[in-house]
Structures are given as C-alpha cells and as structure tokens.
Amino acid sequence: MDTIKRQRLEAAGWRVGDAGDFLELSPEEVALIEMKLSLSRYLKELRLKNQLSQATLAKKINSSQSRVAKMEAGDPSVSLDWIVRTILAVGGTREDVAMAIAISYP
C-alpha cells in the first residue's frame, strides 16, 4: 500500500495492518503460518520440477489428489509433518526443507 493511501485511511480513523494484526496472532503463530506456506510453495515447485501430477504424487504417498492440492495450498487441515514427509517422498532433502523455511519461499 502506498504511503499517501495509508495516511488517508489512518486520518479517517482506520487502523492499517496485516493479517496477523487483524487476527490478533502472536509472532510465533505468524512465523508458523509463514513456514507452512513456504513449505507448501516449495512442495509445489518440487512436484512440477519432477514433472509429477498431483494424482501421481498422491499415489506415491498413498493419499488423494485433493490432499496434495490442500498441501500445496497451505490448507490448515494439513500438518507440517505431512508436508515435510511429502517433500522427502518427492526427492527433497532435509537441507531443502531448511532452505525453504529459511528463505521464506515465494
């Protein structure tokens, strides 16, 4: 958001913040969500790099295509454990997981 727009909103009495502010999340909760989203994005990139469809990956991990789609979308119903296990199943390493978390994967 540009500075002028932000100043106008604040002058009109609006509070400007991010989703963490709106949902009153702690810094730890924000960090956890960001890590999960980074891993989800990395999983999708790794799947595409390996030329796997969601359905093919689902068969590889004994799951469903919709579960893979939820993992890639960062759905709250999918655990970090499941995302990490799937990254490893696609050929990712512990170092890849650490890198995805550390660089806040786009």
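Basis of the calculations
The numbering scheme is per chain: residues are counted from 1 as the chain's sequence reads. Thresholds applied to this predicted model are a pLDDT of at least 70 for local features of residues and 80 or more for the giving and counting of side-chain atom pairs; totals over whole chains, interfaces and linings are not thresholded and use all residues. Side-chain figures throughout are based on the complete set of non-hydrogen atoms in the structure, without hydrogens or water. Only runs of H or I of at least four residues qualify as helices and only runs of E of at least two qualify as strands under DSSP, and these elements are numbered from the N terminus. Only C-alpha atoms enter the radius of gyration, while the globule expectation follows 2.2 Å times N to the 0.38, with N the number of residues. Contacts are residue-level and defined by heavy atoms, with any inter-residue pair within 4.5 Å sufficient. Here, Shrake-Rupley sampling with a 1.4 Å probe gives the accessible areas, and only protein chains in the shown set may cover a residue. Charged residues are defined narrowly, with Lys and Arg counted positive, Asp and Glu counted negative, and His plus the chain ends left uncounted. Every charge is mapped to an atom, namely NZ of Lys, CZ of Arg, CG of Asp or CD of Glu. Salt bridges are defined as contacts in which a side-chain nitrogen from Lys or Arg sits within 4 Å of a carboxyl oxygen from Asp or Glu. Type-normalised accessible area, obtained with a 1.4 Å probe on protein chains alone, sets the label of each residue: buried when under 20%, exposed when over 50%, and partly exposed for intermediate values. Comment: arc refers to directions from the helix axis out to C-beta atoms.

S.K.: Could you clarify how one ought to interpret the overall build of the protein in this entry?
M.R.: The secondary structure content of the protein amounts to seven helices and zero strands. The order of α-helices and β-strands along the protein, N terminus first, is α-α-α-α-α-α-α. Taking 2.2 N^0.38 as the reference for a compact globule, 106 residues should give roughly 13 Å; the C-alpha atoms of the protein span a radius of gyration of 17 Å, well beyond that estimate. Considering only contacts in the protein between residues 6 or more positions apart, those separated by 24 or more positions represent 57%. Only carbon and sulfur atoms are counted for the fraction: they give 55% of the accessible area of the protein, which is about 7,300 Å². Of the charged side chains in the protein, 15 are positive and 14 negative, and the gap between their average positions amounts to 9 Å.

S.K.: Whenever I open this one, the pattern of salt bridges confuses me. Can you help?
M.R.: Side chains bearing opposite charge may pair, as long as their charged atoms lie close to each other. On inspection of all chains with the given rule, the structure shows three salt bridges. Where R6 meets E10, a salt bridge forms, and the shortest distance between an N and an O atom there is 3.3 Å. Within this pair, R6 and its partner E10 are both found in helix α1 (residues 3–11), separated by four residues, close to a single helical turn. The partly exposed category is assigned to R6, whose relative accessible area is 35%.

S.K.: What's the story with the environment of A11 in this structure? I'm lost.
M.R.: Within the secondary structure, A11 is located in helix α1. Given the relative accessible area of 70%, A11 is considered exposed. Sequence spacing of A11 and S26 is 15 residues, and the spatial spacing of their C-alpha atoms is 27 Å.

S.K.: For this particular structure, what's the right way to read helix α6 (residues 80–89)?
M.R.: Residues lying three or four places apart along an α-helix face the same way, a consequence of the helix completing one turn every 3.6 residues. Considered for burial, the residues of α6 that qualify are W82, I83, T86 and I87. Looking straight down α6, one finds that the buried residues subtend no more than 135° of arc, so they occupy a single side. Taken together, the buried residues of α6 touch α3 (27–49), α4 (54–60), α5 (65–73) and α7 (94–102). Within two residues after α6, G91 carries a phi angle of roughly 115°, on the positive side.

The values reported here are purely geometric and, on their own, carry no functional implication.
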